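Examination of the molecular architecture
These are the residues of each chain, in order.
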Amino acid sequence: MAALLEASNLEAYYGWSKVLHGLRFAVEKDKVTVVLGANGAGKTTLLRAISGMIRTGGEIRFAGERIDGQAPEDIVRRGIAHVPEGRGTFINLTVEENLRLGAYVRKDKTGIREDLDRVFHFFPVLKEKSRNPAGVLSGGEQQMLALARGLMLRPRLLLLDEPSLGLAPVLVMELFRIVRAINESEGVTVLLVEQDAVAALELAHQAYLLETGSIVTSGPAAELRENDSIRRSYLGY
Amino acid sequence: MRLGLLLVAGVGYLLPAALSSYQTFEFTQVFIYAVALLGLNILIGYNGQFSLGHGAFYAIGAYTTAIMTTRWDIPYGWAIIAAGALSLVVGFLFGLPALRFEGLYLALATFALALATPQVLKYFDTWTGGSQGIVLDKPSVPLGLPISADQYLYYLSLTVLVILLLLAHNLLRGRAGRAITAIRDNPIAAEAMGVNAALYKSLTFGVSAMYTGIAGALGALAVAFVAPDTFSAFLSINFLVGSVVGGVASISGAIFGGAFIEFVPTYAQEISRAAPWAIFGLTLIIFMYVMPTGVAGLIRRVAAALARSMASEQPAPDSQTAAAEAAEGNRGSARAVLGKPD
């Protein structure tokens, strides 16, 4: 199977402290891959390492080419959209301005216009509120906005940083249903990092388990759901 | 915005007929300060960075104009443009290293610039005339227009202000403006969108310095004199006061702020000759208390409240107005001033 993103011996640093210790993982094309882990396991760091926002060691390949050490804007230009931790809403800009920032590195005006309509189709609530400041949206709506903003890049790979954070379970299900739809109908490959293992393993094809900066288990999501130690630690049954 | 600009331009162009020559000069100063504050508002209000050193760029603009027009006999129009360009470059270059600092640390770094300015000007006395300063010729009225030299400077400053207001408006509305504001709201998310935050912050600092430098150029022409002690750290602090009082996250706020720093010290002097700055301080506190988002913020809230009451008279209430009004509270708030992401 073809891997869209591959990391080997990936290390990441905050200042002098090493947070990721030589990870090896792959994100298969057209699939949803999840990295599960508790607080402080290094999930957010992992995504920031891919986006070029922190200092890394080792190798990251995207569509066969090395991207480690490149500037964030160059990585975004390759089609990697990052939906950051805590939604990253630009509260003083309108919903539409937020969406346009998602397409910041693109120059094709008509394409951007089309994609606005496309994400409004996925998220009708954003269309209703397109002229409102994004700061007045509810938590769930802001997460929809963050996801829609990621799509505005017309990405090949979508990085999602704990979208379930602070959302009611029913909203998490709704959100993941949309992620699944985006993955299937738009052919967008997804790398998701999550704490909510139940919902995430339901959505994903492939899963990795991250503990204090190292990958301890990996396999098809369906298998990890049956794994006893994962069930006890992350699924709670 | 269009309407407000038309109003400013319309009233502005008609006003001199009703003004004494001293009042004309005062309003010229208001426009000049407004240009300087516009630069500061772009920086503080939209990009979330502090500067306690913009007096230095005002000085750069003023001295560039003074030296070019008196020593090299270059027409003042070119001198104004050169003053803007030089300030842009110096601001950008200062920004590159300084913008690694955040918030209060940046404020201190820029304050160092403000403190150094008068002494640097005195040190290079072969160029700057040292403590004596430089006396400029007031621009002569072109085309034989039937107006005084002071009135001409008034119109010149107003015209420059209107042009720069339009420029700021267009800059902040487009792609660059979204990037500038995104950096203030959430720098990490802005970076994740592919915005080069470091470059944009330096560029914004440069543009901001350009505005203030152009104001300095006009200021030198209006006063027809430059001297080092006019550009003390106090000037920089005054700019910050004007920017915040007017409404830091707004374009129109610059005009209100300009009026505040021009007129309030004069009135304070009339109320108490013994302690004018105490009166000024008191006025400042009252302004902050009554208008925590600046004059422009107050006007916006009143307008939103009016729109809401008009909407409530209609059978179908407009839910968007309420949401928009709730959001107005966010705009230009302390959080925005401090540039803290949520």
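Source: prediction; values computed, not measured.

1. Considering the overall build of chain A
Of regular secondary structure, chain A possesses 10 helices and 10 strands. Here chain A has a C-alpha radius of gyration of 17 Å; the compact-globule value for 237 residues is 18 Å, and the two agree. Projected onto its principal axes, the C-alpha coordinates of chain A cover approximately 45 × 40 × 35 Å. Partitioning the contacts of chain A with sequence separation of at least 6, the portion at a separation of at least 24 is 68%.

2. Examining the overall build of chain B
In terms of helices and strands, chain B carries 16 helices and 2 strands. At 20 Å, chain B has a C-alpha radius of gyration in line with the 20 Å of a compact globule built from 342 residues. Along the first, second and third principal axes, the C-alpha atoms of chain B reach 65 × 50 × 45 Å. Within chain B, the proportion of its 342 residues that are buried is 47%. Partitioning the intrachain contacts of chain B with sequence separation of at least 6 by distance along the chain shows that 77% fall at a separation of at least 24.

3. A few points about the pairing of strand β2 (residues 17–28) of chain A
All names here are of chain A. Inspection of the sheet shows strand β1 (residues 3–14) paired to β2 by 8 bridges, in the antiparallel sense. Residue pairing across strands places A12 opposite L20, the latter belonging to β2. Two successive antiparallel strands, β1 and β2, enclose a turn made up of 2 residues, where G15 displays a positive phi of approximately 60°.

4. Quick look at the packing of helix α3 (residues 54–71) of chain B against helix α10 (residues 197–223) of chain B
All names here are of chain B. Close contact between α3 and α10 brings their axes to 6 Å; oriented N to C, the two are set at 50°. If you check the angle between α3 and α10, you find them oblique. Pair α3 / α10 crosses with right-handed handedness. The segment α3 lies against α10, with H54, F57, Y58, A59, I60, G61, A62, T64, T65 and A66 engaging A209, T212, G213, I214, A215, G216, A217, G219, A220 and L221. Grouping the constituent residues of the contact of α3 with α10 by class yields 12 nonpolar, 8 polar and no charged.

5. Concerning the interface of chain A and chain B
If you look at the interface, chain A gives 24 residues, while chain B gives 23 residues. Contributions of two or more residues to the side of chain A that touches chain B are made by α2 (72–77) and α3 (95–102) of chain A. Residue composition of the side of chain A that touches chain B, grouped by class: 12 nonpolar, 8 polar and 4 charged.

6. Topic: the domain arrangement of chain A
Residue and element names in this part refer to chain A. What the domain assignment reports for chain A is domain 1 (3–79 + 158–235) and domain 2 (94–154). Mapped onto the side of domain 1 that touches domain 2, the elements with two or more residues apiece are α2 and α7 (169–186). Top contributing element to the side of domain 1 that touches domain 2 by residue count: α7, with 4 residues. Residue composition of the side of domain 1 that touches domain 2, grouped by class: 8 nonpolar, 2 polar and 2 charged.

7. Some remarks on the nonpolar core
Grouped together as the largest cluster of nonpolar side chains are 167 residues, with contacts concentrated most on V35, L38 and I214 of chain B. Broken down by element, this core gets its largest block of residues, 15 residues, from helix α2 (residues 21–46) of chain B. Structurally, this core is a two-domain feature, drawing no fewer than three residues from each of domain 1 (3–79 + 158–235) and domain 2 (94–154) of chain A. In this structure V35 of chain B touches V160, L161, L164, Y211, I214, A215 and L218 of chain B, once residues within four positions along its chain are discounted.

8. Thoughts on the sheet that holds strand β9 (residues 206–211) of chain A
Residues and elements named next belong to chain A. Strands sit in the order β6-β7-β8-β3-β9-β10 across an open sheet of 6 strands; the sheet is mixed. The open sheet is flanked by β6 (80–83) and β10 (214–220), the only strands paired with a single partner. This sheet shows a mean twist of 15° between the axes of neighbouring strands, independent of strand direction. Sheet analysis places strand β7 (residues 157–161) next to strand β8 (residues 189–194), joined by 5 bridges and oriented parallel. Across the sheet, residue L160 finds its bridge partner in β8, namely L192.

9. Points about the confidence of the model for chain A
Per-residue confidence for chain A averages 87 on the pLDDT scale, and 98% of its residues sit at or above 70. Across chain A, the secondary-structure element scoring lowest on mean pLDDT is helix α10 (residues 228–235) of chain A, at 70, and the one scoring highest is β7 of chain A, at 93.

10. Description of the sheet that holds β1 of chain A
Residues and elements named next belong to chain A. The 4 strands lie next to each other as β2-β1-β4-β5, forming an open sheet whose pairing is antiparallel. Strands with a single pairing partner mark the edges of an open sheet, and in this sheet they are β2 and β5 (65–66). Here β1 pairs with strand β4 (residues 55–62) via 7 bridges, running antiparallel. Bridge pairing in β4 links S8 to E59. Of the strands in this sheet, β1, β2 and β4 are in contact with helix α1 (residues 43–50), which crosses β2 at around 70°.

11. A look at helix α7 (residues 149–173) of chain B
With 25 residues, α7 of chain B should reach 36 Å at 1.5 Å per residue; the first-to-last C-alpha distance of 36 Å fits that figure. Those residues of α7 of chain B lying buried are Y152, L153, Y154, L156, S157, L158, V160, L161, L164, L165 and A168 of chain B.

12. Observations regarding unusual backbone geometry
Residue and element names in this part refer to chain A. Located in the positive-phi region is A63, a residue other than glycine, with phi close to 50°. Following the sequence through the fold, A63 ends up in the loop between β4 and β5. On the basis of neighbour count, A63 is assigned to the partly exposed category, with 16 C-beta atoms found within 10 Å. In this structure, R154 is a non-glycine residue whose phi angle is positive, near 55°. For R154, the position within the fold is in the loop between α6 (139–151) and β7.

13. Considering α2 of chain B
Residues and elements named next belong to chain B. With 26 residues, α2 extends 36 Å between its outermost C-alpha atoms, agreeing within 8% with the 38 Å of an ideal straight helix rising 1.5 Å per residue. The largest bend along α2 measures about 30° and falls at L40. Summarising burial for α2: 21 of the 26 residues are buried, a large majority. In the segment just after α2, G48 is the residue with positive phi, at about 75°.

14. Describing the environment of T283 of chain B
Following the sequence through the fold, T283 of chain B ends up in helix α13 (residues 276–290). In this structure the C-alpha to C-alpha distance between T283 of chain B and P265 of chain B, which are 18 residues apart in sequence, comes to 9.8 Å.

15. Concerning the packing of α3 of chain B against helix α4 (residues 76–98) of chain B
Residue and element names in this part refer to chain B. Between α3 and α4, the shortest axis-to-axis distance is 8 Å and the interhelical angle comes to 145°. Where α3 crosses over α4, the two elements pack in a sense that is right-handed. Facing F57, I60, G61, T64, T65, M68 and T69 of α3, the residues of α4 in contact are Y76, A79, I80, A82, A83, L86, S87, V90 and G91. Here the contact of α3 with α4 is composed, by residue class, of 10 nonpolar, 6 polar and no charged.

Parameters at a glance
- Residues numbered from 1 in each chain as written.
- Chains lettered and ligands numbered in written order.
- Predicted model: local features only at pLDDT ≥ 70, side-chain atom pairs only at ≥ 80, totals over all residues.
- Helix = DSSP H or I, 4+ residues; strand = E, 2+ residues; numbered from the N terminus.
- Rg over C-alpha atoms; globule rule 2.2 N^0.38 Å.
- Contact = placed C-beta atoms within 7 Å.
- Buried ≥ 20, exposed ≤ 12 C-beta atoms within 10 Å, placed from the backbone.
- Pairing = 2+ DSSP bridges.
- Axes fitted to C-alpha atoms, helices over the stretch in contact; angles between N-to-C directions.
- Parallel < 35°, antiparallel > 145°, perpendicular 65-115°, else oblique.
- Left-handed = near helix turned anticlockwise from the far one by under 90°.
- Nonpolar A, V, L, I, M, F, W, Y, C, P; charged D, E, K, R; others polar.
- Domains from an automatic or database assignment.
- Core = buried A, V, L, I, M, F, W, Y, C linked by C-beta atoms within 7 Å.
- pLDDT = per-residue confidence, 0-100.
- Expected span 1.5 Å × (residues − 1).
- Bend = angle between axes of the 7 residues up to and from the residue.

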